[in-house]
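Coordinate inspection notes
Take a look at the letters that make up each chain.
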Amino acid sequence: MTRIAVFAALTLLLLHSAASSVDRVAAGLDTGLLSYRKSAAHAVYGLNCRLTSPSASKCAIFVPEGVGNGNALITGGKINQTVTLAAGANEVLINVPAAASPDNSDIATRLSVQGLGNFAFQTWITAQVAPPVVYYAEMDKDEYSPGETVKIRVIALDSDTLLPVTGSIELTIKDPDGTVVATWKESMTTKGLWSTEYPLGDEAKEGQWRLIKQKSDENYYYLQQVFNVRQQELSDLELMVSTPVSISCENSTFTVSIEARSITGRTVNSNGTVDLLWDGYAPGKTVTSFVLPASGKTNLSIAVSEQDCRMQNWGQWYTYSSLQLRFRISNAVSGINGTAVAAIPVDSFSLSLSSYMTINSTRVAFYFTLDPQGSGQHPPARVNITTDCQNYSYIATSFQSELVDIVPGSSYVMKRECPFGYHILHATKEYIGQNRRWKDPTDNWLYDAEYQQLWLVPSGSEFPVGATATFAVMSQEANITVMFEVATRGKPVQTGTLRLTGNNGTLSIPITEQLKPTFTVTVIRTAGNGGAQGVAYIGSEVQLRVTGDYFNKVNITYSPSKVFENDDVLVRVQGPPNSLVAISVVDHRFLFNFNGSSVSNHIDTDTWLDLYFGQNTARKPIEQRRKRAIEKGPTNASLTNGETFWVEKRTDATGIATITLRLSLGWWGVYAYALSDTSGLCVANTWSIITVEPRDLHLSLQAPTRVVRGETFLAHVTVVNRAKQPANNVRVMIKNSTDLLLTLVNASSPSDPTKDFALLINTIPAESEVTVSFPLKPVHLGLFDIVVAAFYDTWTAFSDQLIRVIAEGVPVSPSYSVMVDLRVNSTFNQVVNTSMADNAVSDTGSTTITIYTEMLRASVDGLDKLITMPSGCGEQNLILLTPTIFVSKYLQTTNQFQGEMRDHALSYMLIGYQRELNYRHSDGSFSAFGDSDASGSTWLTAFALRSFRHASEFITIDDNVMTIAENWLLSQQQGDGHFNEPGRVIHVDMQGGVNSQETMTAFVLIAFLEKNASSLQPANKASAVAFIEQRLPSVTDMGALAIITYALHLANSAKANDAFTKLNALRTTTAKDTYWQPATGSTSRAIETTSYALIIYLRRNLDLDAFPIASWLLSKRNSLGGYQSTQDTVLALQALAEYFKRTSGSAQAPSATVTVTADRNQTTYTLTPATANATRQWKLPFVPKSVGIVASGSGMFIVQISTNYNVIPVTTAPSTGRRRRAAEATISVAATLVTDTLAALAVNVCPRSTSVTGMAIVQIDVPSGYEVTQAAIDRLKSANVLNLKRVELNDGQLVLYYDSLYTANYCATVEFNRASDVVGTKAVFVRVTDYYSPEVTNSARVEPKAAQKASVCDLCGSSCSGCQNSVVSVVEATFPAASTTVAATTATARSTTRPVSSSSTASCHWLSISVAFLVGHQMAAAF
């Protein structure tokens, strides 16, 4: 029989007469067993049922004495069963048909019991059914920033034995709006453990996300967990704060210990403040001007008086419950800063109900305790306890006060008596201080359940295995029999009866392993004899704990015991032999939430018990992305601050599993648990904290991460001396090179790149630091490593940082795709003109020539970046979602949708769906900029709906999102059948002109009909089709005609053939290609129109005629696999994916020889069916004037020529014409420097157009050495610039999105602040572009004069050799050979320190794995 635990809550509803004068309802106990009432004409039976399987319920029925034996009929739902009952305790099995239980696994059956003479009663039995398998969901962190990846493990355990089992996963993630964004439904492939990742997009909604465990049958129980998403930055100063366990208001002072550490290795030397907030909100005093020395350690003494921790309200004084300390530390010189929060409870005294009983028919006795809460270190205090007795109408009587002198560490039991009928005891506490009296902030209300006439008092709260727990059972009525039940984990393990002697009895329960970790004991009885007083069903319950370990243990150790930066740390986990160990490593800051308290992912044994036994307050999520293979993860990792890491490994025959870590400065938490087939779940007691300390000599390097060729930048090298004595004659060196040439101040010529140089620092004081600077001038383009070293005594320290050197001007990427078709003719010869533009920047060109035998491979490889234009609005965002869908469909058809390719595609879809929900209005519609738009857009809502319908084949799309969007669209349909557009259409050309109702109607129909949306009723469809058919003869715009023709084909319109004939007559045909070029349209619009035509051809089964159309579309593809804008990319890839999906079965694998000539360079490739999927790529460091392609053989393939170079944009004056067609707008931009200093720049940017445009974007290059702060972006957003809808920082550019431009004032002021030291700064450009006609563009040039004219000495002062008052000088030196092992593999500064010995050469090795995997921990039990 399947084991199912049930937690029953019984509400017994009994028949009663109107004449009953004493109908009363007593208060319920924790078990949910409620007393009930009846009329004088009926006897009453106790009924307590626990389901033992989905189809059976074991019921304990208590028959009161004097009723006798006999049969009883139990009915309810489809239950109809006769049972035999006797006086006293009865245990019967009731068959529960499946139909009697709702699908949601909550058993809610109304049972009626009749028989044994004159009695009848009814009860609702509500039970939540726990499955044989219990699930835990674990995540790596409590909070995430947008763009991070959520890592999840799910553990499946047998609910009884806690042995790992293979379970099923069925989970859903909802965003803060309650929209379903992901689901999972699959089986676990590894016994006991399943893991995956869920990507958050960079615009994931901030707020509380939820994980919900679905229920498909009684084997699943609803579980909800939460995790938070918010933009957050970890400070570069880590703080550890130690506070007292609690404080007392009577104490004058308490001490707080602070330890701070810079994650960059700098000395702390910081000033700090502590803000005191009582109960987290009431301001207290601020401790100011404390100083953290270089060591970062100090103690603070904080004084607290009685007046500080009291508040006055309505004339009464109350005590605060806690004191929150908010630390803020900053160093103005180094720029490091940090915060921390700690909360300290205030010692108080709580009232808690110990036991109570009715002494007789006239008095009620309350027993309660006065417990000191806190450290127990408070001095003796006096507390005044005031009580009064109240009835249910809150009429008070029997006022009484008592002064209690509290001695530390003591508790006090107190007794109060109330008249019968007054069953509420109201108590208040008032503290007697030195200067005033004050009340506790909360009154206490103690209730006597009026019918509570049975009490169960244990002899203790916890017991070891082997002991016997004794319970005093007390009853108002003497010499009765009571029934008892012992249950653990929701399952009864023992039942019986106990005869009381007089009013008392003793119950003894042996403590066994079976009762671990907690168990409950319940006693029940009936009272009354059927007279006028009625009959009550009463009970009492206590929950106790079994001491000792419930779980087997996992031990974590690490070596060496003292860890320095860049040491290899061996972590050793000891668990059961051959068990699966899950190890987590986390930056310790993720072990605490932003309020400073420990989060629920801090797992210890108590947490596991709470999770397992239903105290489920933890949280966390899951989604459909790839499952990480168990034991495939790395066993070694190099982690920098803010990262997390986890791995699963098998222990060996001795139970040992190890990993090797290299950790950056700071504190790191390590946790592990094991799953064993014999020992079950084994857990560590708590996190092990690894402290990574800096060495005596530390080196940090600060330089810009990107500069323009020819600019000069400063590499600042800070040497930190943490020793207690000064360091003398410290040499700091930099590796010179021909790529980053050292610039010597006041030298007549550049430095010799073959020579290295050193700066000599005479002295670095103890526990101090000195910064020196090296001016460097990059002369080549690329990614380079700045390598520096410092020498002192026997120690050598290294550090490096990557810097990207880019070219002047603006990058462009002309691309050429050539389809080579050898299926008919066996030879092919074509020359492609690839010359660079006249305004190209010299030495910036490169070319990549790739041969694709898989026609869509370029698009597959570039799914994450199909277009070079920014994509930050609701329509552009779909570039990540929609093309991926159509490419994935093609891959699925050709059996290629698997492995890493599948993982990436699903990830892009998930993120695209997440992002698109940001542009959803409350009415379910979508618009380009979401809530900042006045209304939803019919066009964009239809586009989003179309994308979601296709995406639902691969990922979970919330049905409500699609249904509500469909209903909103239908609400826009007018009486004549057309669809209205209440919002702005940012893609004006799509409509074939402004206010083209037939085009909009066709576009909406496509959204409904492509995936056969059921919400489109026949009447709606018919009226829309009729409207389009009526307008068809007057449609002259080629793009509009293409959309209408496709819609009519989807609708199976009788006019579809007429529309096709009309569209086909407008095509342009060459010897190789067929395409549709609107007379006044852009290339982007031609791609859209031709894409629609290709889809129509395929729908008409004109596959052969479709080839030249596909060939033309492929020739227009960019180097990234996309096109110019969102719409043309989406439509072209939809059409091509469908074409190649249709023709893949007949496609012939190429067997050919291909010779490619680039100017005077030549290479030859041989293509065979056996090597069809191999990548053939030729990279050239220049852009040739032409590329020749000569091929012979059979089959078909694509030659993609991708060129890259920079141009100096040509600024053209705007046209003065006032009339414009869709693709003829002339736009311009003016850029004026209004602030030009070394510290800051401000540029006034004014775009305009001679006529109305659709959406336009302005791209502003960020000058080298400057940055755009979030505060500057916020100011720009709040400036109310006309038509400015969005501002974003994207890869060194600030991008402004305008939903339209014309002749009005669209000026915006952009602010830049200095972030790094660069002089000779090159000009930057501001570009404005019509998004849907990218050929329509213009630019302006910005010259930051102050930074261009500044000298090196203006920035570095005395830290550079050769400048005035310089404290260092440059000398030639030989850079140590060990530095050559510094790998340029990450873009973050790294450092290491090594002792130099005579027996070995100093080395600098480390793993440089960029791990986004790790950390923090959150567990939740799912029943």
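Residues numbered from 1 in each chain as written. Predicted model: local features only at pLDDT ≥ 70, side-chain atom pairs only at ≥ 80, totals over all residues. Heavy atoms only, no water.

A count of helical and extended segments in the chain gives 16 helices and 85 strands. In the chain, which comprises 1423 residues, the share counted as buried stands at 56%. Carbon and sulfur atoms form 48% of the exposed surface of the chain, whose accessible area is close to 55700 Å². (Helix = DSSP H or I, 4+ residues; strand = E, 2+ residues; numbered from the N terminus. Buried < 20%, exposed > 50% of the residue type's maximum accessible area, 1.4 Å probe, protein only. Areas by Shrake-Rupley, 256 points an atom, 1.4 Å probe, with all protein chains shown as cover.)

All right, on to the nonpolar core then. Counting 134 residues, the largest nonpolar core has Tyr198 and Leu1094 as the members making the most contacts within it. Ranked by size, the runner-up nonpolar core spans 41 residues in total, among them Leu162, Val569, Val585 and Val647. (Core = buried A, V, L, I, M, F, W, Y, C linked by side-chain atoms within 4.5 Å.)

Right, let's talk about the side chain of glutamine 1134 for a bit. With respect to the element layout, glutamine 1134 can be found in helix 13 (residues 1126–1143). Judged by relative accessible area, which is 8%, glutamine 1134 ranks as buried. Looking at glutamine 1134, its side chain comes within polar contact range of the side chain of arginine 946, at 3.1 Å. Apart from residues no more than four positions distant in its own chain, glutamine 1134 is found in contact with Phe886, Arg946, Glu1010, Tyr1046 and Ile1095. (Polar contact = N/O pair within 3.5 Å; in protein donor to acceptor, adjacent residues only side chain to side chain. Contact = heavy atoms within 4.5 Å.)

Turning our attention to the confidence of the model for the chain. Here the chain shows a mean pLDDT of 76. Residues at 70 or above account for 75%. Below a pLDDT of 50 lies the segment residues 98–108, which in the model reaches 27 contacts outside its immediate sequence neighbourhood of four places, other chains included. A low-confidence stretch, residues 991–995 (pLDDT under 50), is modelled with 10 contacts involving residues beyond four sequence positions or located in other chains. (pLDDT = per-residue confidence, 0-100.)

Between helix 3 (residues 882–893) and helix 5 (residues 938–951), the shortest axis-to-axis distance is 9 Å and the interhelical angle comes to 35°. Two packed elements cross with a definite hand, and for helix 3 against helix 5 that hand is left-handed. Here helix 3 contributes Thr882, Ile885, Phe886 and Lys889 to the contact with helix 5, which in turn contributes Phe943, Ser947, His950 and Ala951. Counted by class, the contact of helix 3 with helix 5 contains 4 nonpolar, 3 polar and 1 charged residues. (Axes fitted to C-alpha atoms, helices over the stretch in contact; angles between N-to-C directions. Left-handed = near helix turned anticlockwise from the far one by under 90°. Nonpolar A, V, L, I, M, F, W, Y, C, P; charged D, E, K, R; others polar.)

Spatially, the 4 strands line up as an open sheet ordered 64-71-68-69, and their pairing is antiparallel. At either margin of the open sheet sits one strand with a lone partner, and together these are strand 64 (827–833) and strand 69 (1161–1167). Put simply, the sheet's adjacent strands are angled 15° from each other on average, direction ignored. (Pairing = 2+ DSSP bridges.)

For the rest of this paragraph, the subject is a nonpolar patch on the surface. Together, Tyr394, Trp445 and Tyr447 make up an exposed nonpolar region whose accessible area comes to about 340 Å². You can see tryptophan 445 is positioned in strand 33 (residues 444–447). (Patch = residues over 30% accessible without salt bridge, like charges linked within 9 Å, V, L, I, M, F, W, Y side chains within 5 Å. Salt bridge = Lys/Arg side-chain N within 4 Å of Asp/Glu carboxyl O.)

Along an α-helix, residues three or four positions apart point the same way, because every turn accommodates 3.6 residues. For helix 11 (residues 1083–1099), with 17 residues, the first-to-last C-alpha span of 24 Å sits near the 24 Å given by 1.5 Å per residue. With respect to burial, helix 11 is a largely interior element, 15 of its 17 residues being buried. Among the residues trailing helix 11, asparagine 1101 stands out with phi positive, at a value near 60°. (Expected span 1.5 Å × (residues − 1).)

Among covalent bonds in proteins, the disulfide is the one between the sulfur atoms of two cysteines. Here the structure, examined in full by the defined rule, presents 4 disulfides. At a sulfur-sulfur separation of 1.9 Å, the disulfide partner of cysteine 389 is cysteine 418. The sign of the S-S torsion, about -75°, decides the handedness of the disulfide formed by cysteine 389 and cysteine 418: left-handed. Taken together, the residues cysteine 389 in strand 28 (residues 381–390) and cysteine 418 in strand 30 (residues 412–419) connect sequence positions 29 residues apart. Owing to a relative accessible area of 2%, cysteine 389 belongs among the buried residues under this scheme. Here cysteine 1353 engages in a disulfide with cysteine 1363; their sulfurs sit 1.9 Å apart. Around the S-S axis, the bridge from cysteine 1353 to cysteine 1363 shows a dihedral of about -85° and counts as left-handed. Placement of the pair is cysteine 1353 in helix 16 (residues 1352–1356) and cysteine 1363 in the loop between helix 16 and strand 83 (1370–1373), with a sequence separation of 10 residues. Note on cysteine 1363: relative accessible area 7%, which makes it buried. (Disulfide = S-S within 2.5 Å.)

Once that is clear, we can look at the sheet that holds strand 18 (residues 253–262). Across the sheet, 3 strands lie side by side as 17-18-21; this open sheet has antiparallel pairing. Two strands in the sheet have a free side with no partner beyond their single neighbour: strand 17 (237–242) and strand 21 (297–303). Taking each pair of neighbouring strands and ignoring which way they run, the sheet shows an average axis angle of 25°. Pairing analysis gives 7 bridges linking strand 18 to strand 21, with the strands arranged antiparallel. Within strand 21, the residue paired with serine 257 across the bridge is asparagine 299.

Take the pattern of salt bridges next. Per the stated rule, a full pass over the model turns up 32 salt bridges. Lysine 516 is paired through a salt bridge with glutamate 513; the nearest N and O atoms lie 3.2 Å apart. For lysine 516, a relative accessible area of 11% corresponds to the buried category. Between lysine 1285 and aspartate 933 there is a salt bridge, and its shortest N-O distance comes to 3.2 Å.

We now examine helix 9 (residues 1038–1050). Across its 13 residues, helix 9 extends 19 Å between first and last C-alpha, which sits within 8% of the 18 Å expected from 1.5 Å per residue. Burial of helix 9 is extensive: 13 of the 13 residues sit out of reach of the surface. Where helix 9 begins, the capping side chain belongs to aspartate 1037, and its oxygen is found 3.0 Å from the backbone nitrogen of glycine 1039. Residue asparagine 1052 follows helix 9 closely and has a positive phi angle near 55°.

To continue, consider the environment of arginine 1117. The residue arginine 1117 is located in the loop between helix 12 (1103–1115) and helix 13 in this model. For arginine 1117, a relative accessible area of 0% corresponds to the buried category. Distance from arginine 1117 to alanine 858, taken between C-alpha atoms, is 9.1 Å for residues 259 residues apart in sequence.

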